[in-house]
Amino acid sequence: MKAVVYEGPYDIRVEDVDDPAIEQPTDVIVRITSTCICGSDLHMYEGRTDAQAGLVFGHENQGVVEEVGSGVQRVKKGDRVNMPFNIGCGFCFNCERGWTGFCLSVNPGFAGGAYGYVNMGPYRGGQAEYLRVPYADFNCLELPDDEDHEHDFAMLCDIFPTGYHGAELAEVGMGETVAVFGAGPVGLMSAYACLIKGASVVYVIDQIPDRLKMAEDMGCVPIDFSKGDPADQITDMRKGDGVMKSIDAVGYQAIGSGEDGEEEPNVVLEGCIKVTNPTGKIGIPGLYVPSDPGASDPHASQGMFPISFGKLFEKGLSLGTGQTNVKRYNRFLRDLIVAGRVEPSLVVSKEVPLEEAPEAYERFDNREEGYTKVVLKPAA
Ligand SMILES: NC(=O)c1ccc[n+]([C@@H]2O[C@H](COP(=O)([O-])OP(=O)(O)OC[C@H]3O[C@@H](n4cnc5c(N)ncnc54)[C@H](O)[C@@H]3O)[C@@H](O)[C@H]2O)c1
Ligand SMILES: [Zn+2]
Ligand SMILES: [Zn+2]
């Protein structure tokens, strides 16, 4: 089959690889109909992780079940299914308590497994024609049999639940004010989730015009950080007040405020601490890694950044972070889609054949206009 293979920094290719096969009786094989490129893939694409050549990318996968292992009971051949980006076993201490992003079985020696991602276990990604899904009864979310809402449902693999997770980590509630840093797919979905949860005003911070426009169209207040410190812009608008909650949907590759566009890995964390009112909460779905081969200083290369912990303490702020436990949210968010109450595909800006993945990666990585969220379409 054809698959998107990482060869090295800024070098991915669509190559022939072996078809996946049933390895355990609890597996299924899914023919992929939609598989998305994610900001998380870009960390690997840019050589900013320990990813090795040969890795098949793709953790946002949806399709139709082609083959079913002998131990699978619920999922049937022909079912239309969506897979959370994390792989869970369903029976370990963490999965049992709903922390499926931190499964203790699927990636021994590490808490958490995923498809096509560095350090997340031996699972090939789904930017390919077919995908092997382990513990299929646990990991497949069933979708309605028709072909409706294909791209809305595709957002359930990661960014819609991850946006929701950001809002949950910050405990966003009715009538609250929120600042969301980042208007990439995760930031936009975080803002969307805040609105679903009843926030009164949501500020969305970025510097990319078409992404800020999407946030504005959603009913949020766009803040362009290239025009001045975003926390100051928000407190000026609010006559000296900050916000109750903030969300970091950027992560360690945050761009600093300087004109050189250099990265400043702590800039968004600092912004969150600054703009959040005393007793507020900060949700951090943005990714931070313990090892960054491309970092500019020795501390950052080990995932260590200076933050104003004293200010955080003084303000009594709390924070939450980590991989999303997609299974906590995905069926509820699916049902909101089915009921016609939400339309997360509003972030999808491009649909391209799998063969065009290298160009799509390059343009998404450059944050070109029209490349906010790309869905790849394998032909099998
Ligand atoms: N916790 C999880 O489970 C999970 C899941 C998916 C993605 N992520 C992470 O979420 C982050 C965002 O993902 P994405 O797909 O939206 O990526 P993306 O790269 O498309 O978006 C990031 C956005 O942040 C903006 N940005 C950069 N510096 C900024 C700053 N200083 N202030 C405000 N905005 C700034 C960029 O312009 C860009 O639009 C990534 O770090 C990704 O790895 C985490
Ligand atoms: Zn993703
Ligand atoms: Zn588990």
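Residues numbered from 1 in each chain as written. Chains lettered and ligands numbered in written order. Predicted model: local features only at pLDDT ≥ 70, side-chain atom pairs only at ≥ 80, totals over all residues.

Draft legend 1. Up close: the domain arrangement of the protein. The domain boundaries assigned to the protein delineate domain 1 (2–158 + 325–377) and domain 2 (159–321). Taken over C-alpha atoms, the centre of domain 1 sits 26 Å from the centre of domain 2. The partner domain 2 presents 24 residues to the 22 residues of domain 1 that form the contact. Going through the elements one at a time, helix H1 (39–45) and helix H11 (326–338) are the ones with two or more residues in the side of domain 1 that touches domain 2. Here the element with the most residues in the side of domain 1 that touches domain 2 is H11; it accounts for four residues. By residue class, the composition of the side of domain 1 that touches domain 2 is eight nonpolar, seven polar and seven charged. (Domains from an automatic or database assignment. Contact = placed C-beta atoms within 7 Å. Helix = DSSP H or I, 4+ residues; strand = E, 2+ residues; numbered from the N terminus. Nonpolar A, V, L, I, M, F, W, Y, C, P; charged D, E, K, R; others polar.)

Draft legend 2. A look at helix H9 (residues 267–275). Along H9, seven of the nine residues are buried, which leaves the element largely enclosed by surrounding structure. Along H9, the residues that are buried comprise Val267, Val268, Leu269, Gly271, Cys272, Ile273 and Val275. In this structure, the buried side of H9 is in contact with strand E8 (177–181), helix H8 (230–237), strand E11 (243–248), strand E12 (276–284) and helix H10 (309–315). (Buried ≥ 20, exposed ≤ 12 C-beta atoms within 10 Å, placed from the backbone.)

Draft legend 3. Structural detail: unusual backbone geometry. At His149, a residue that is not glycine, the phi angle is positive and equals roughly 55°. Looking at the secondary structure, you find His149 in the loop between strand E7 (141–142) and helix H4 (150–154). The residue Thr279 is not glycine, and still its phi comes out positive at about 75°. Along the polypeptide, Thr279 turns up in strand E12. Overall, Thr279 belongs to the exposed group, with 10 C-beta atoms counted inside 10 Å.

Draft legend 4. Here's a closer look at the pairing of strand E9 (residues 201–206). The element E9 is largely enclosed, with a buried count of five among its six residues. Regarding the hand of the β-α-β motif, the stretch spanning E8, helix H6 (residues 185–196) and E9 is right-handed. Looking at chain direction, E9 and strand E10 (residues 221–224) are connected through four bridges and run parallel. When the bridges of E10 are listed, Asp206 appears paired with Asp224. Read as a crossover between parallel neighbours, the route from E9 over helix H7 (residues 209–217) to E10 is right-handed. (Right-handed = clockwise from strand over helix to strand, strands pointing away. Pairing = 2+ DSSP bridges.)

Draft legend 5. Representation of the environment of Ile37. Position of Ile37 among the secondary structure elements: in the loop between strand E3 (28–36) and H1. Taking the number of C-beta atoms within 10 Å as the measure of exposure, Ile37 has 27 and is therefore buried. C-alpha separation for the pair Ile37 and His59, spaced 22 residues apart in sequence, amounts to 8.4 Å. Among all residues touching Ile37, those that are not within four sequence positions of it are Ala360, Tyr361, Phe364, Val374 and Leu376.

Draft legend 6. Expanded view of the site of ligand 1. Around ligand 1, a shell composed of 33 residues is seen, among which Gly39, Gly184, Val186, Gly251 and Leu287 lie nearest. Within the residue set of the shell around ligand 1, elements represented by two or more residues are H1, H6, E9 and H9. Looking at the shell around ligand 1, the element that brings in the most residues is H1, giving four residues. Classifying every residue of the shell around ligand 1 by side-chain character gives 17 nonpolar, 12 polar and four charged. (Near = placed C-beta within 6 Å.)

Draft legend 7. Seen up close, H7. Turning to H7, its buried residues are Arg211, Leu212, Met214 and Ala215. Along H7, the residues classed as buried sweep out an arc of 155° about the axis, all on the same side. Exposed residues lying more than 90 degrees from the buried face of H7 are Pro209 and Asp217. The inward-facing, buried residues of H7 contact H6, E9 and E10. Gly219 occupies a position one or two residues after H7 and carries a positive phi of about 105°. (Arc of directions from axis to C-beta.)

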